[in-house]
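What follows is the residue order along each chain.
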Amino acid sequence: MKVLLVYAHPEPRSLNGALHDVAIKALKAQGHEVQVSDLYADGWKSQVDRADFPPLAQDERLVPTAASKKSFEAGTLTEDVKAEIEKLLWADALILQFPMWWFAMPAILKGWVDRVFAYGFAYGVGEHSDRRWGDRYGEGTLAGRRAMLIVTAGGWEEHYADRGINGPIDDLLFPINHGILYYPGYEVLPPFVAYRVDRFDKSGFEPVAERLRERMRTLFTTRPIPYRQQNSGDYLIPSMQLHPELGDPGATGFTLHLKDAGSAIEQ
Ligand code: FAD
């Protein structure tokens, strides 16, 4: 199978650099083909601006969504963005690897998403009608492929537990897993997270590396996070509210969007 690893750390001799090498070696040992987008090494441009849309006239107002749509359709996105889109279409699985910075991905990686996930490619796909609200959340251009995160965090695992002060890790990563990866169609795997890494040493590294090797070995067999599909009948259109008969009564928050026994109401 084919795997694209998008990697965001500025220092090759970092812990992330070492885990990156572990992941690639383990994937290749499984016989997978691997491509890497090393964003810092490549000098990835992270901000969306006029330079992303060369045909835009100097005096024309920049509306990023409209410019993205027009450029994607016309094939005039910049070469760096087009190359990343080609890699995404090539890959059966996408891995995003990054250190958690301020409870989110580093800006360079967010900028990769902002620029590469173009209108007509990752969003604005499919028909809007009274039965469908576009192809997204489980459907879309990247449906049938898998995605997962490799994340390192300074905080302790307990700090990211259900009652931990940082908030649950699945909630913190929900905007990436559900909002960025599931949205254009990926089946999203549970994330690989290494906690409390800032005081890591050799004895701490090997168990984490082995856990990562195992996740790479099971990349194509691990059960994805069971998010609900938008157009399955679980949501009302056009309000996009979860059907009142689904989810625990009174429940709120991200877990509502996980399938339960009463999922996929026939309409
Ligand atoms: P490094 O600094 O390279 O290494 C970490 C430790 O591992 C060091 O002790 C190093 O000696 C050791 N090490 C490195 N390579 C190896 C190896 N091959 N074998 C054995 N040991 C090794 N954390 C949070 O939890 N939440 C946050 O919101 C958050 N925000 C942050 C914001 C910023 C701007 C920054 C800079 C850090 C933040 N952190 C946060 C901490 C951050 O997540 C960690 O510093 C990061 O994950 C560490 O990864 P690294 O690759 O940079 O590690």
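Residues numbered from 1 in each chain as written. Predicted model: local features only at pLDDT ≥ 70, side-chain atom pairs only at ≥ 80, totals over all residues. Heavy atoms only, no water.

Enquirer: Explanation requested: the site of the ligand in the structure shown.
Expert: Close contacts around the ligand come from 21 residues, with H9, W102, T152, Y160 and D198 the closest. Separating an oxygen atom of the ligand from a backbone N or O atom of G154 is a distance of 3.1 Å. Side-chain polar atom of Y160 to an oxygen atom of the ligand: 2.5 Å apart, as the coordinates give it. Taken by itself the ligand offers 980 Å² of open surface, and the protein chains cover 69% of this. Going through the elements one at a time, α1 (15–29) and α6 (202–217) are the ones with two or more residues in the shell around the ligand. (Near = heavy atom within 4 Å. Polar contact = N/O pair within 3.5 Å; in protein donor to acceptor, adjacent residues only side chain to side chain. Areas by Shrake-Rupley, 256 points an atom, 1.4 Å probe, with all protein chains shown as cover. Helix = DSSP H or I, 4+ residues; strand = E, 2+ residues; numbered from the N terminus.)

Enquirer: How should I be thinking about the environment of H178 in this particular structure?
Expert: The topology assignment puts H178 in helix α5 (residues 169–182). For H178, a relative accessible area of 7% translates into the label buried. For the pair H178 and Y137, spaced 41 residues apart in the sequence, the C-alpha separation amounts to 7.5 Å. Not counting chain neighbours up to four residues away, the residues in contact with H178 comprise Y137, Y183, Y227 and H257. (Buried < 20%, exposed > 50% of the residue type's maximum accessible area, 1.4 Å probe, protein only. Contact = heavy atoms within 4.5 Å.)

Enquirer: Please clarify how the packing of helix α3 (residues 79–90) against helix α4 (residues 107–116) should be interpreted in this entry.
Expert: Helix-helix packing: each pair is described by the crossing angle between the helix axes and the interaxial distance. Running from N to C, α3 and α4 point in directions that differ by 90°, and their axes come no closer than 10 Å. Regarding the angle of α3 to α4, the classification is roughly perpendicular. Facing D80, V81, E84, I85 and L88 of α3, the residues of α4 in contact are W112, R115 and V116. Looking at side-chain class alone, the contact of α3 with α4 contains 5 nonpolar, no polar and 3 charged residues. (Axes fitted to C-alpha atoms, helices over the stretch in contact; angles between N-to-C directions. Parallel < 35°, antiparallel > 145°, perpendicular 65-115°, else oblique. Nonpolar A, V, L, I, M, F, W, Y, C, P; charged D, E, K, R; others polar.)

Enquirer: Hey, could you run me through the nonpolar core in this one?
Expert: Nonpolar side chains tend toward joint burial in soluble globular proteins. Of all hydrophobic cores here, the largest spans 48 residues; its most connected members are L88, L94, L96, L109, W112 and L181. Among the elements of the structure, β1 (2–7), α3, β3 (93–99), α4, β4 (146–152) and α5 are those that each provide at least two residues to this core. With near-sequence residues (within four places) excluded, L88 lies in contact with L4, L94, W112, V116, F117, F121, L142, R145 and Y186. If you look at the next biggest cluster of nonpolar residues, it comprises 24 residues, including V22, A194, A209 and L219. (Core = buried A, V, L, I, M, F, W, Y, C linked by side-chain atoms within 4.5 Å.)

Enquirer: I would appreciate a short explanation of α4 in the present structure.
Expert: The α-helix advances 3.6 residues per turn, and as a result positions three or four apart in sequence lie on the same side. In terms of residue burial, α4 counts as a mostly covered element, since 7 of its 10 residues are buried. Regarding α4, the residues found buried are I108, L109, G111, W112, V113, R115 and V116. Check the buried side of α4 and you find it contacts β1, α3, β3 and α5.

Enquirer: Got a minute to help me understand the pattern of salt bridges in this structure?
Expert: Any two side chains of opposite charge can pair, on the condition that their charged atoms come close. Applying the stated criterion to the full structure yields 17 salt bridges. Among the salt bridges present, the one from K82 reaches E79, with a minimum N-O distance of 3.4 Å. Placement of the pair is K82 and E79 together in helix α3, with a separation of 3 residues, close to one helical turn. A residue is classified by how much of its surface remains accessible, and K82, at 27% relative accessible area, is partly exposed. Here E79 falls in the exposed class, since its relative accessible area comes to 59%. In this structure, E206 and R213 form a salt bridge, with 2.9 Å as the shortest nitrogen-oxygen distance. Three or more residues are tied together by salt bridges with common partners; here these are K45, D49, D52, D80 and R115. (Salt bridge = Lys/Arg side-chain N within 4 Å of Asp/Glu carboxyl O.)

Enquirer: I keep staring at unusual backbone geometry and nothing clicks. Help me out?
Expert: With the exception of glycine, most residues fall at negative phi, and the peptide bonds are largely trans. A cis amide bond links I237 to the next residue, P238, at an omega of 15°. Tracing the backbone shows P238 in the segment after α6. In this model, F103 sits at a positive phi of 60°, which is unusual for a non-glycine residue. On the accessibility criterion, F103 (36% relative accessible area) is partly exposed. Even without glycine at this site, M240 takes up a positive phi of about 60°. Mapping M240 onto the fold places it in the segment after α6.

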